[in-house]
Amino acid sequence: MDTLKEKTAKGLFWGGLSNVLQQMLNLVFGIFLARLLSTEDYGLVGMLTIFSLVANSLQEGGFISALNRRKEASHKDYNAVFWTCTLTSLLLYVIFALCTPLIARFYHEPRLVPLARYIFLGFFISSLGIAPRAILFRNMKVRETAIVNFVGLLLSGIVGVCMAAADFAYWGIATQSLVYVGVTTGLNFWYARWHPTLPVDFSPVREMIGFSSKLIVTSLVVIFNTNMFSVILGRKFPASVVGNYTQANKWNNMGWLLINNMLSGIAQPVLAKTDDEPERQKRIFRKLLRFTAFVSFPAMLGLALVSHEFIVILLGEKWLDSALILQWLCVMGAFYPLSNLFSYYMVSHGQSSRFMWCHTALGAVQLAAVFVSAPYGMGMMIKVYVGIAVGWFWVWYRLSRNWIGLTLYEVVKDISPYFFITVALVFSAQVITEPIASIYIRFAAKVLFVASLYVLVLWLLGSAIFRESLDFFESKVKFPFKKHAQ
């Protein structure tokens, strides 16, 4: 049986590989869809995003994290969660479907009535897979989860592109999301080797609701924070403006989620399993913190550097307005995985109240800042929003430091080398490549300059995380052949 260290390493490997492959698929399908569809098509779907996310959060109820924290999780626990989530999501679908005329009236867009009722089917289908997802998550089945997500993205992307090519417009995006949810739900059941039964005992849900209810509130606050621009822009501006923001936010999310999802599958389980060993837990956390900074800063600040070239080359001139938005959002995206690492620590230690209030305070501050900066235009709103999100990383640290035992010096020491090296390289690349007229050559020059020098500098400085990552990747590349030989 694998040790916890081996499970963590394998989890990072499969999580990283999975997310790279997933984002490559997202990149390919995203390019096709962006070229086939209009800003208005994306805007219509973007207006409904917050409602689907709210419904998903309510029907999931924080039960995956709650089940992960239980010392023992039986069939009775998973069965209670399955039926609770299924019944809740069915009720929510009926309520949301009846409210679609109000949603359409809010946005002054009658086409949203049938579209919303169609898209909202997704959160009901998704609810069916929460219990088997919890089984895979609790047992750190990262490889199986990777396969589930990859197959779901591949099949749904093909359907979405085919429908967009056949002039189904925004219905193609909507169908893509439904196919993804349906495929992943079915595969989660397949790999979990579990099925619901009757009758059902709801007593485990009553035991978990105190913890999970705080995660629900937190999730709702996070959803509102990350989607407030879509709501505000959808109310005040045409669908095309929402489309540009939705497109920029999509690529930013793809970037930081690539890093975040690689960590989320193993961070909470590993931290929960070392709860009785504080010194060991601190060492694990610091290594995760360094690894996150090592990956997140060059990936996200690098995407900010090439945002203009990236948008024009891959998506076309019609999406140019989204490039500057993407640039600012990427700065925020560089710090998101680091902040989330502290939040995972809170949840793994049962600090759901502190987790909830931290997110609530962040949402309140950002909302107030958005309204205050609104008269100065969308650009200023985004800059203020991003600035608060970046600064809030230190709030997460402040609220977690007593449990982790981390000093401010240790945090700065762990993340600052990767930050300052990346900033220096990004700034230098921008200055050096500015005279290059060809957008293609300029794009390639920026990527090669930052990537090659980042690797070289870390090698010369003897970065432990960099060398460990290389060694581990080399061992995993050879691993299948060694196993076969045995």
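Our subject is the structure listed above.
Residues numbered from 1 in each chain as written. Predicted model: local features only at pLDDT ≥ 70, side-chain atom pairs only at ≥ 80, totals over all residues. Heavy atoms only, no water.

## Remarks on the pattern of salt bridges
Between side chains of opposite charge, a pair can form as their charged atoms come close. How we decide: Within this document, salt bridges are pairs made up of a side-chain nitrogen of Lys or Arg and a carboxyl oxygen of Asp or Glu, the two lying within 4 Å of each other. The secondary structure listing takes helices from DSSP runs of H or I that are at least 4 residues long and strands from runs of E that are at least 2 residues long, numbered from the N terminus. Throughout this description, buried means an accessible area under 20% of the type-specific maximum (1.4 Å probe, protein chains only), exposed means over 50%, and partly exposed covers the range between.
With the rule as written, the count across this model stands at 8 salt bridges. Residue Glu309 is joined to Arg442 by a salt bridge in which the shortest nitrogen-to-oxygen separation is 2.8 Å. Highlighted residues: Glu309 in helix H13 (residues 307-315) and Arg442 in helix H18 (residues 439-461), separated in sequence by 133 residues. Relative accessible area serves as the criterion here: at 2%, Glu309 is assigned to the buried category. Since its relative accessible area comes to 14%, Arg442 is described here as buried. Members of the salt-bridge network, linked through shared partners, are Lys282, Arg286, Arg290, Glu410 and Asp414.

## Quick look at the nonpolar core
Convention followed: Residues belong to a common nonpolar core when they are buried Ala, Val, Leu, Ile, Met, Phe, Trp, Tyr or Cys residues joined through side-chain atoms within 4.5 Å. Contacts were defined at the residue level, with two residues in contact if any of their heavy atoms lie within 4.5 Å.
By size, the foremost hydrophobic cluster in this structure holds 101 residues, and its most contacted members are Leu115, Phe120, Phe297 and Phe342. Of the residues forming this core, the biggest block, 14 residues, is contributed by helix H14 (residues 321-348). In contact with Phe342, not counting residues within four places along its chain, are Phe285, Leu289, Phe393, Trp396, Tyr397, Ser400, Ile404 and Leu406. Residues Phe82, Ile135, Phe137 and Trp194 belong to the second largest nonpolar core, which totals 19 residues.

## Observations concerning helix H5 (residues 112-119)
The line we're drawing: The directions considered for the arc run from the helix axis to the C-beta atoms.
Here H5 has its buried residues at Leu112, Val113, Leu115, Ala116 and Ile119. The arc that holds every buried residue of H5, seen down its axis, measures 170°, which confines them to one face.

## Brief notes about the packing of aromatic side chains
Each aromatic ring pair is characterised by the separation of its centres together with the angle its planes make. Applicable threshold: Paired rings are identified among Phe, Tyr and Trp, the last through its six-membered ring, by centres lying within 6.5 Å, and are further divided according to the angle between planes into stacked (under 30 degrees), edge-to-face (over 60) and tilted (the rest). The criterion is that NZ of a Lys, or CZ of an Arg, lies within 6 Å of the ring centre and within 35 degrees of the ring normal, and then a charge sits over that ring.
Under the defined criterion, the tally for this structure stands at 26 aromatic pairs. On the basis of an interplanar angle of 75° and a centroid distance of 6.2 Å, the ring pair of Phe342 and Tyr397 is categorised as edge-to-face. On the criterion of sequence distance, the pair formed by Phe342 in helix H14 and Tyr397 in helix H16 (residues 378-404) is long-range, its members being 55 residues apart. Residue classification places Tyr397 among the buried residues on the basis of a relative accessible area of 5%. Aromatic ring contacts, followed pair by pair, group Phe285, Phe297, Phe335, Phe342, Phe393, Trp394, Tyr397, Phe419 and Phe420 into a single cluster. Between the NZ or CZ atom of Arg193 and the centre of the ring of Trp190, over which it lies, the distance is 4.5 Å.

## Observations concerning the side chain of Thr185
Put simply, the rule is: The term polar contact refers here to a pair of N or O atoms within 3.5 Å; inside protein, the definition further demands a hydrogen-donor-capable atom paired with an acceptor-capable atom, and it admits residues adjacent in sequence only when both atoms are side-chain atoms.
Here Thr185 is to be found in helix H9 (residues 170-192). Within the structure, Thr185 has its side chain in polar contact with the backbone oxygen of Ile125 (distance 3.4 Å). Discounting chain neighbours no more than four positions away, the residues touching Thr185 are Ile125, Ser126, Leu128 and Gly129.

## A short note on the side chain of Thr86
Turning to its location among the elements, Thr86 is positioned in helix H4 (residues 75-107). With a relative accessible area of 10%, Thr86 lands in the buried category. Within the structure, the side chain of Thr86 is placed 2.8 Å from the backbone oxygen of Phe82, a separation counted as a polar contact.

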